[in-house]
Amino acid sequence: MSLWYFVVVLGSLGMLSPLPFVHAALRLRRAFLLVYVLLYGVAVLGLFYLLALSGTGEADETVLAVSWFFGTILLIAVACVHLAVLRKKILYPPRGAWVETGMHCGLFSIDIAGFGQVGRSSDIFVQVRRMLFGLLAGAFEASGIDWDACLKRDTGDGMIVVVPPHFPKFRLLLPLLSQLAAELARYNVVAEPALRIRVRVAIHAGEVTLDEYGVTGRPKVLLARLLDSRVLRDALVDAPEDSPVVVLVSDRFHEDVQDQGGPGLDTMSYRQVLVTEKETEVLAWLHVPTPVIRRLR
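Residues numbered from 1 in each chain as written. Predicted model: local features only at pLDDT ≥ 70, side-chain atom pairs only at ≥ 80, totals over all residues. Heavy atoms only, no water.

Q: Just to check I follow, could you spell out the environment of Val-288 for this structure?
A: Turning to its location among the elements, Val-288 is positioned in the segment after strand 9 (280-287). Linking Val-288 and Arg-271, residues 17 residues apart in sequence, is a C-alpha distance of 9.5 Å. Sequence-distant contacts of Val-288, that is, excluding residues within four places in its chain, are made with Ala-239, Ser-243, Val-245 and Val-246. (Helix = DSSP H or I, 4+ residues; strand = E, 2+ residues; numbered from the N terminus. Contact = heavy atoms within 4.5 Å.)

Q: Sorry, what's going on with the packing of aromatic side chains here?
A: For any pair of aromatic rings, the description consists of the separation of the ring centres together with the inter-plane angle of the planes. Following the criterion strictly, the structure yields 3 aromatic pairs and no others. Ring centres 4.6 Å apart and planes at 25° place the aromatic pair Phe-115 and Phe-125 in the stacked group. Residue Phe-115 is located in the loop between strand 1 (104-112) and helix 5 (122-142), and its partner Phe-125 is located in helix 5; the two are separated by 10 residues in the primary sequence. Under the relative-accessibility criterion, Phe-115 is labelled buried at 12%. Aromatic side chains Phe-140 and Trp-147 sit 5.0 Å apart centroid to centroid with 65° between the ring planes, which places their arrangement in the edge-to-face category. Side by side, Phe-140 and Trp-147 carry an identical accessibility label, which is buried. Members of the aromatic cluster, connected to one another through ring pairs, are Phe-108, Phe-140 and Trp-147. Taking the ring centre of Trp-147 as reference, the NZ or CZ of Lys-152 above it sits at 4.8 Å. (Phe/Tyr/Trp six-rings, centres within 6.5 Å; stacked < 30°, edge-to-face > 60°. Buried < 20%, exposed > 50% of the residue type's maximum accessible area, 1.4 Å probe, protein only. Lys NZ or Arg CZ within 6 Å of the ring centre and 35° of its normal.)

Q: Would you mind going over the pattern of salt bridges with me for this structure?
A: Once the charged atoms of two side chains with opposite charge are near each other, the side chains can pair. Under the definition given, this model contains 6 salt bridges. A salt bridge links Glu-183 to Arg-186; the shortest N-O distance between them is 3.3 Å. Of this pair, Glu-183 and Arg-186 both sit in helix 6 (residues 176-190), separated by 3 residues, roughly a single helical turn. Between Arg-230 and Asp-234 there is a salt bridge; the shortest N-O distance is 3.6 Å. Of this pair, Arg-230 and Asp-234 both sit in helix 8 (residues 230-238), separated by 4 residues, roughly a single helical turn. (Salt bridge = Lys/Arg side-chain N within 4 Å of Asp/Glu carboxyl O.)

Q: Please clarify how the packing of helix 5 against helix 6 should be interpreted in this entry.
A: Helices that pack against each other are described as a pair by the angle of their axes relative to one another and the distance between those axes. As a packed pair, helix 5 and helix 6 sit with axes 9 Å apart at the nearest point and diverge in direction by 145°. Pair helix 5 / helix 6 crosses with right-handed handedness. Counting all contacts with helix 5, which are made through Met-131, Leu-132, Leu-135, Leu-136, Ala-139, Phe-140 and Ala-142, the residues of helix 6 involved are Leu-176, Gln-179, Leu-180, Glu-183, Leu-184 and Tyr-187. Looking at side-chain class alone, the contact of helix 5 with helix 6 contains 11 nonpolar, 1 polar and 1 charged residues. (Axes fitted to C-alpha atoms, helices over the stretch in contact; angles between N-to-C directions. Left-handed = near helix turned anticlockwise from the far one by under 90°. Nonpolar A, V, L, I, M, F, W, Y, C, P; charged D, E, K, R; others polar.)

Q: Could you clarify how one ought to interpret helix 8 in this entry?
A: The α-helix winds at 3.6 residues per turn, so residues separated by three or four positions along the chain end up facing the same way. Buried within helix 8 are the following residues: Leu-232, Ala-235 and Leu-236. Considered in projection along helix 8, the buried side chains sweep an arc of 95° and stay on one side of the axis. Exposed and facing more than 90 degrees away from the buried side of helix 8 are Arg-230, Val-237 and Asp-238. Elements in contact with the buried residues of helix 8: strand 4 (199-207), helix 7 (218-227), strand 7 (245-250) and strand 9. (Arc of directions from axis to C-beta.)

Q: Help me out: how do you make sense of the nonpolar core in this one?
A: Grouped together as the largest cluster of nonpolar side chains are 44 residues, with contacts concentrated most on Phe-108, Phe-140 and Ile-203. Put simply, the parts of the chain that give this core at least two residues each are strand 1, helix 5, strand 3 (158-163), helix 6, strand 4, strand 7 and helix 9 (251-260). If one sorts the elements of this core by residue count, helix 5 sits on top with 9 residues. The contact partners of Phe-108, leaving out residues within four places of it in the chain, are Leu-136, Phe-140, Met-159, Ile-160, Val-161, Leu-172, Leu-176, Leu-177, Val-201, Ala-202, Ile-203 and Leu-223. (Core = buried A, V, L, I, M, F, W, Y, C linked by side-chain atoms within 4.5 Å.)

Q: What should I look at first to understand the sheet that holds strand 1 in this one?
A: Note: strands within a sheet are paired through backbone hydrogen bonds, in either parallel or antiparallel orientation. The strand order across the open sheet built from 7 strands is 2-3-1-4-7-9-8, with neighbouring strands paired in mixed fashion. Each edge of the open sheet is held by one strand with a lone partner, namely strand 2 (151-154) and strand 8 (271-277). Across the sheet, the axes of successive neighbouring strands diverge by a mean angle of 25°, strand direction being ignored. Sheet topology note: the strand 1/strand 3 ladder contains 6 bridges and is antiparallel. (Pairing = 2+ DSSP bridges.)

This is the structure in structure tokens:
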């Protein structure tokens, strides 16, 4: 039985290999890892069954010992391979939203024009939202802004995105807006009329305040006034049909971005307008991005 002592010791070490998978399953919220742990447990029980058979003399002890030995080695090897594949996600998980009260953040708000128009069913609402939010996430990533690092709030027919301060503010304009406009224009060409998307966008920046309900404070109020302004709504009506995006940028944001002089940023294409909404009367800058579909082919 001396051989069995060695095998049992090695097998005991092998039984520890599922523990990293339990940790990974909890961290990554991947059900298949828990399934793997279950399968591993079944395999270990099978090895113990072989050990029990050796004690009854019904099977050759050497064969069972070799089976236990190589079975344990195989399980440890599989564990190492899986952990190597998951290493990046376990050790370097995607950065979550990092926004705190008092941070000076970029504020991006988007609203789907005519979202509740007659004839649109709930299924169409789902499709339109899924398409827009998917394109928006892609535009943020293409502009160098980590979508997962942003704080997002669904508004039903749109979204408010709070961008952490370590991302340069000019990236909310370039290439994000042109990318979004081009993607929406290309989508609208092939989409059915009820599924076509045109949006209003408002951009601002300021020190945010967080409470238990989300983002609040004066910067957010001004962002809402810009997005809902008559100036922006009329601009979308007057824009060419193949221009799916109109943008209104706060005067403060526009001034900050001009001072930064972001590479390739054309601030001269923004037209100054007066926004009067409720108790708010401010200057802002209107822009209609030109969708260049050919650059995405």
